[in-house]
Amino acid sequence: MLTLTFLGVGAAFAKRNHNSNALIEAWRKGPDHQEQPDDLLLVDLGALGPRALDELKDKPGFGYLDVGGRINYPAIRRIFISHQHADHIGGLEELALTNTYAFADPEARKGFKPQIISSINVLVNLWDTSLKGGMGAIQGRHALLQDYFFILALKLDKRKHEGFSLLKRYRFDIFPTDHIQVERKYDWPSYGLYITDTRSGETVFFSGDTRYDYPAYSRMMEAAKVCFHDVQLFDQPDPVHPLIHELQNMPAEIKAKTILYHYGDEWDTGPFDFVDGEFKGFAVPQQRYVLFE
Ligand SMILES: [Zn+2]
Ligand SMILES: [Zn+2]
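The paragraphs below set out a description of the structure included in this document. (Residues numbered from 1 in each chain as written. Chains lettered and ligands numbered in written order. Predicted model: local features only at pLDDT ≥ 70, side-chain atom pairs only at ≥ 80, totals over all residues.)

Here we come to the pairing of strand 7 (residues 115-119). With 4 of its 5 residues buried, strand 7 lies for the most part within the structure. Here strand 6 (residues 78-80) runs beside strand 7; their pairing, made up of 3 bridges, is parallel. When the sheet's bridge partners are listed, Arg78 is paired in strand 7 with Gln115. Here strand 7 pairs with strand 10 (residues 150-154) via 5 bridges, running parallel. Note that in strand 10 the partner of Gln115 across the bridge is Phe150. (Buried ≥ 20, exposed ≤ 12 C-beta atoms within 10 Å, placed from the backbone. Helix = DSSP H or I, 4+ residues; strand = E, 2+ residues; numbered from the N terminus. Pairing = 2+ DSSP bridges.)

See the structure below:
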């Protein structure tokens, strides 16, 4: 079984629903039969991610994320980074430094190192222009990204996208998203995930942050049993997320299986009540969605 739990479902600067980061858990038997998953993948950890993890660890079924009342960071063995905005990476320094200092193996004098996964261009920029400032030195020496993480750098080929797997059964392929354009499409790296259960052939689409680009995603969204798509609720010229009325242009059968996330704090003020009928609804934070049985 593969499950997805949003740590939060909020837009970048939302205050009510934390950042849109997700915990994907892979189970041989399932959460009713196991205390913790056999493998997992955290999709991004934003500035509000540690606060969200701190809340999630107290929820029934997530006790493995708790150790002595604190976040059990070493339980998070793999992290995928979609892109470099702070609502997706702002919690990494806390995770890495806590793993290095608080969860160090006292005999080996080595910190715990999870795996970090993204495209090579995201990982290079992540270190050089985001993380290096706070993490470039640890007590007694300089440090590099590989001092904190085992690095899985994915190459993007025009014909074939590289991916990775959980439990050798659930395949994750990354695809570029049209989130921010400096001069042209795809020139600022940003990725979504297309997840396949290789046993059943079923798939799930996870947009990451993107502008409205249904033509680019339609083949994946048509094939997927469920789609998770970011959304922006307020109008704006030249937005970097899909406006709700842009997503309304998608075919009815696509909307019916699409769950909207990354939404603003105004989602429940009335004007967006139609979402529950027209789409599969707004994503609910800190609740397990079963992706594949
Ligand atoms: Zn975002
Ligand atoms: Zn973003």
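Moving on from the coordinates now.
Across the sheet, 7 strands lie side by side as 10-7-6-3-2-1-17; this open sheet has mixed pairing. One side of each edge strand has no neighbouring strand; the edge strands of this open sheet are strand 10 and strand 17 (288-292). For this sheet, the mean inter-axis angle between neighbouring strands, taken without regard to orientation, is 25°. (Axes fitted to C-alpha atoms, helices over the stretch in contact; angles between N-to-C directions.)

Bringing unusual backbone geometry into the picture now. Look at Lys168: it is not a glycine, yet its phi comes out positive at around 55°. Tracing the sequence through the fold places Lys168 in the loop between strand 11 (163-166) and strand 12 (170-176). Look at Asp238: it is not a glycine, yet its phi comes out positive at around 50°. On the basis of neighbour count, Asp238 is assigned to the exposed category, with 6 C-beta atoms found within 10 Å.

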